[in-house]
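Spelled out from the first residue to the last, the chains are:
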Amino acid sequence: MDLSEYTFYDNRLAVAPWEVKALYRFIWWGKSRTDEGIARMLQESSMCFSVRYKGELVGFCRLLTDFVYRASLWDIIIHPDHQGQGLGTALMNYVLEHPAVKDIPLIITYVSDLYPFLEKWGFKQLPGAVLLLRSPIEYS
């Protein structure tokens, strides 16, 4: 894949809530998120990673972490028009090799539908997670 027309960012200031909301429309669990909620989510996330193609936001994910022992990876999204071309792999490489992330020994994610994709980086699908779900996932 030729990534020369894609620009990768590691800062929450590189995305606007309305742009992230536009990506969420392609994901079943993100359709009910509000502009206000997304703005707060971006502000409170440890790191936000994004990809732009000719200025348009086409990829996004975020990380919650202590930057030492643990991190959780959330909201891994690639716009459907850019899927299947290696962009998701490039985004994950960018995240996992980032200087602030590369030495964190445990990174967890709950996007089980992406497990076949994430397996190539060593992610394992394990039972035993303990989860407090206060509302149906499509509203969180």
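Because the structure is predicted, anything quoted here is derived from the model rather than measured. (Residues numbered from 1 in each chain as written. Predicted model: local features only at pLDDT ≥ 70, side-chain atom pairs only at ≥ 80, totals over all residues. Heavy atoms only, no water.)

## With respect to the packing of aromatic side chains
To be explicit about the condition: A pair of aromatic rings is counted whenever rings of Phe, Tyr or Trp (Trp by its six-membered ring) have centres within 6.5 Å, and the orientation is called stacked for planes under 30 degrees apart, edge-to-face for over 60 and tilted otherwise. Each helix is a run of DSSP H or I of at least 4 residues and each strand a run of E of at least 2, with the numbering of both proceeding from the N terminus. Each residue's exposure class comes from its accessible area (1.4 Å probe, protein chains only) as a fraction of the maximum for that residue type: buried when under 20%, exposed when over 50%, partly exposed otherwise.
Tallied over the entire structure, the rule returns 6 aromatic pairs. For the pair Tyr6 and Tyr53, a centre-to-centre distance of 4.9 Å together with 40° between the ring planes defines the contact as tilted. Highlighted residues: Tyr6 in strand E1 (residues 6-9) and Tyr53 in strand E2 (residues 47-53), separated in sequence by 47 residues. The class of Tyr6 is buried, set by a relative accessible area of 9%. By relative accessible area, which is 22% here, Tyr53 ends up partly exposed. Geometrically, the ring pair formed by Trp74 and Tyr110 is tilted, given 5.5 Å between the ring centres and 35° between the ring planes. With a gap of 36 residues between them, Trp74 in strand E4 (residues 70-78) and Tyr110 in the loop between strand E5 (106-109) and helix H4 (115-118) connect regions that are remote in the sequence. For Trp74, a relative accessible area of 27% corresponds to the partly exposed category.

## Let's talk about the nonpolar core
Note the cut-off: Nonpolar cores were defined as sets of buried Ala, Val, Leu, Ile, Met, Phe, Trp, Tyr and Cys residues, with membership established by side-chain atoms within 4.5 Å. The contact criterion used is simple: two residues touch if any of their non-hydrogen atoms lie within 4.5 Å.
Core analysis: the largest hydrophobic core is formed by 22 residues, its most contacted members being Phe49, Leu73 and Ile107. Those elements that provide at least two residues to this core are E2, strand E3 (56-65), E4 and helix H3 (87-96). Here the element with the most residues in this core is H3; it accounts for 5 residues. In this structure Phe49 touches Tyr9, Asp10, Gly59, Phe60, Cys61, Leu63, Leu91, Tyr94, Val95, His98 and Val101, once residues within four positions along its chain are discounted. Within the second largest apolar cluster, 13 residues are counted, among which are Tyr24, Ile27, Trp29 and Leu57.

## A word on unusual backbone geometry
In the Ramachandran plot, Lys54 falls in the positive-phi region, its phi being about 50° despite a non-glycine side chain. By the element assignment, Lys54 lies in the loop between E2 and E3. A relative accessible area of 61% places Lys54 in the exposed class. In this structure, Asp75 takes a positive phi of about 55° despite not being glycine. Locating Asp75 in the fold gives a position in strand E4.

## A closer look at the pattern of salt bridges
Defined as follows: Within this document, salt bridges are pairs made up of a side-chain nitrogen of Lys or Arg and a carboxyl oxygen of Asp or Glu, the two lying within 4 Å of each other.
Tallied over the full model, the rule gives 6 salt bridges. Arg52 serves as the salt-bridge partner of Glu19, at 2.7 Å between the closest nitrogen and oxygen. You can see Glu19 sitting in helix H1 (residues 17-24) and its partner Arg52 sitting in strand E2, a full 33 residues away along the chain. Just as Glu19 is buried, Arg52 falls in that class too. The shortest N-O distance in the salt bridge between Arg33 and Asp75 comes to 3.0 Å. In this pair, Arg33 is assigned in the loop between H1 and helix H2 (35-44) and Asp75 in strand E4, connecting sequence segments 42 residues apart. Overall, Arg33 belongs to the buried group, its relative accessible area being 17%. Counted as one network, the salt bridges with shared partners bring together Arg33, Arg62 and Asp75.

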